[in-house]
Amino acid sequence: MSRLANVFTFGGIDERPSRLRRLMGMSLGLIYLFYPVSEVIDGTVSGARAVWWMGALAVFVVVYLAVVLGPRDFDHHPRWMFPLIGVVTTMAAVFPLIFRSPSWLTLSVYMVVVYAMGLPPRRALLGIAAMAGLVLAEGKVIGADDGTVWALVLQIITLGVLFVSVRNTRVLVVQLRQAQSEVARLAATEERLRIARDLHDLLGHSLSLIVLKSELARRLGEQGSPKAAGEVADIESVARQALAEVREAVSEYRRRRLSEEIDGARSALGAAGVALTVRTRGTPLPEDLDGLFAWAVREATTNVVRHSGATRCEIDVSYGEEGAVLEIADNGGGAYEPGNGLTGLGERVRAAGGSLEVEAGKHGFGVRVAVPPPLDRTPEMIADRLGQ
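This is a predicted model, so every value here is computed, not measured. (Residues numbered from 1 in each chain as written. Predicted model: local features only at pLDDT ≥ 70, side-chain atom pairs only at ≥ 80, totals over all residues. Heavy atoms only, no water.)

(A) View of the sheet that holds strand β3 (residues 323-330). Here we have five strands laid out as an open sheet, ordered β1-β2-β3-β5-β4, and mixed in their pairing. Strands with a single pairing partner mark the edges of an open sheet, and in this sheet they are β1 (275-282) and β4 (355-361). The mean angle between the axes of side-by-side strands here comes to 10°, regardless of whether they run parallel or antiparallel. One ladder, built from eight bridges, connects strand β2 (residues 312-320) with β3; its direction is antiparallel. Bridge assignment links Cys313 to a residue of β3, and that residue is Asp330. The sheet strands contacting helix α10 (residues 258-271) are β1 and β2, and the helix crosses β1 at an angle near 160°. (Pairing = 2+ DSSP bridges. Helix = DSSP H or I, 4+ residues; strand = E, 2+ residues; numbered from the N terminus. Axes fitted to C-alpha atoms, helices over the stretch in contact; angles between N-to-C directions. Contact = heavy atoms within 4.5 Å.)

So this is what it looks like as structure tokens:
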């Protein structure tokens with residue numbers, strides 16, 4: 001029976017199995033029904049008694065499948081589910097006494113699974129304990145072999161604890177995903193509020209000033225005053241300043257930071273089974289080089305995850321009087337096909353006055369970005385070079 005129990009435990013444990021997969025999994029567990037069926041097959045039970053025997057077994061199977069294939073929301077069971085659990089429990093308790101055969105005691109195994117997966121943990125444990133006690137009592141009443149009864153009790157307790165643990169794990173997984181979704185939603189909401197506040201702070205005063213000066217310029221223009229031209233010039237100046245502030249704010253939102261990209265690379269590579277080692281030397285990078293190296297880390301690690309088949313990756317960043325250097329290397333197969341990502345990165349590096357080297361071979365894939373001095377290039381200078 002222990003081998004059959006091992007087969008049974010694999011039924012329907014997937015987190016969100018389809019109805020067909022759950023049916024297939026639970027059908028494997030129905031192998032416990034071999035014990036009462038075998039008595040009909042070998043002729044121990046025959047005639048009208050065999051008909052009643054198989055009919056009762058068929059009814060139990062139908063009700064049991066209705067329970068296990070029902071909705072799997074652990075916290076909100078439909079009302080009709082609990083009466084079905086009561087019916088199948090009654091059958092599992094009464095049939096061994098009606099048919100006076102130890103083979104019917106195996107129905108208790110199915111009830112353990114129903115309790116563990118369908119009831120709160122405390123009630124499930126009480127149900128499991130009650131079913132174990134019921135098997136002991138009914139085994140004595142119908143004269144079952146003590147060894148068989150205790151083996152069945154052991155399986156009931158073992159399977160009960162196992163399925164309660166599985167159920168608790170699944171509940172925790174569901175709660176964790178809900179919490180992650182809520183955190184992501186709150187983070188997105190907070191970011192939208194921050195952007196809205198920033199834009200309001202940037203544009204509120206400027207637009208209000210533009211409206212006031214426009215009204216003043218209109219009145220002065222109607223009066224033919226030469227001061228109207230000065231007000232129009234002020235409006236133009238305020239508008240240009242507001243436009244510059246908005247562009248600066250948007251570029252700040254879109255700016256990639258090296259530390260953030262390294263954290264993202266560590267997460268992505270770790271999920272792909274690649275161990276990441278990071279080494280940094282020198283003083284902190286200027287903002288423009290920090291953003292450039294962030295782009296390089298993202299593009300290079302994307303290639304490592306998708307193409308190289310590596311198990312190790314190293315990121316080395318150095319910055320000093322001799323310039324700034326970023327080196328990324330792995331021990332993969334070195335699969336490399338020039339694409340838009342590295343092509344765009346090369347354009348950014350050349351715009352910053354640096355050089356990009358890409359190596360691919362049997363010893364791995366490597367990217368080296370070097371930016372020589374002077375390093376005080378402004379973002380406007382880099383933007384102008386990109387536009388050329």
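(B) The arrangement of unusual backbone geometry in detail. In this structure, Arg100 takes a positive phi of about 50° despite not being glycine. Following the sequence through the fold, Arg100 ends up in the loop between α5 (81-99) and α6 (107-118).

(C) Structural context of the nonpolar core. Formed by 50 residues in total, the largest nonpolar core has its most connected members in Phe60, Tyr64, Phe95, Trp104, Leu107 and Met111. Secondary structure elements with two or more residues in this core: α4 (47-68), α5, α6, α7 (121-142) and α8 (146-223). Sort the elements by how many residues they give to this core and α4 lands first, with eleven residues. Apart from residues lying up to four places away in sequence, Phe60 is in contact with Val88, Met91, Ala92, Phe95, Leu107, Tyr110 and Met111. Listed in part, the 30 residues of the second largest apolar core include Leu258, Leu269, Leu285 and Ala352. (Core = buried A, V, L, I, M, F, W, Y, C linked by side-chain atoms within 4.5 Å. Buried < 20%, exposed > 50% of the residue type's maximum accessible area, 1.4 Å probe, protein only.)

(D) Representation of the pattern of salt bridges within the structure. By the definition in use, this model includes nine salt bridges. Glu314 is the salt-bridge partner of Arg279, the closest N and O atoms lying 3.2 Å from each other. Here Arg279 is found in strand β1, whereas its partner Glu314 is found in strand β2, with 35 residues between them in sequence. A salt bridge links Asp316 to Arg279, with the shortest nitrogen-to-oxygen separation between them at 3.4 Å. Residue Asp316 is located in strand β2, and its partner Arg279 is located in strand β1; the two are separated by 37 residues in the primary sequence. Take Arg279: its relative accessible area is 36%, and that puts it in the partly exposed class. Salt bridges sharing common partners tie together Arg279, Arg281, Glu314 and Asp316. (Salt bridge = Lys/Arg side-chain N within 4 Å of Asp/Glu carboxyl O.)

(E) Examining α4 more closely. In a regular helix each residue adds 1.5 Å, so 22 residues correspond to 32 Å; α4 covers 32 Å between its end C-alpha atoms and thus fits that length. Restricting attention to buried positions, one finds in α4 the residues Ala50, Trp53, Ala56, Leu57, Phe60, Val61, Val63, Tyr64, Leu65, Val67 and Val68. (Expected span 1.5 Å × (residues − 1).)

(F) Highlighting the packing of aromatic side chains. Scanning all chains against the criterion turns up eight aromatic pairs. Here the aromatic rings of Trp53 and Trp104 are separated by 5.3 Å at their centres, their planes lie at 65°, and the arrangement is edge-to-face. Within this pair, whereas Trp53 is found in helix α4, its partner Trp104 is found in the loop between α5 and α6, the two being separated by 51 residues in sequence. Exposure remark for Trp53: the relative accessible area of 0% places this residue in the buried category. For the ring pair Tyr64 and Tyr110, a centre distance of 5.1 Å and an interplane angle of 65° mean the geometry is edge-to-face. Taken together, the residues Tyr64 in helix α4 and Tyr110 in helix α6 connect sequence positions 46 residues apart. (Phe/Tyr/Trp six-rings, centres within 6.5 Å; stacked < 30°, edge-to-face > 60°.)

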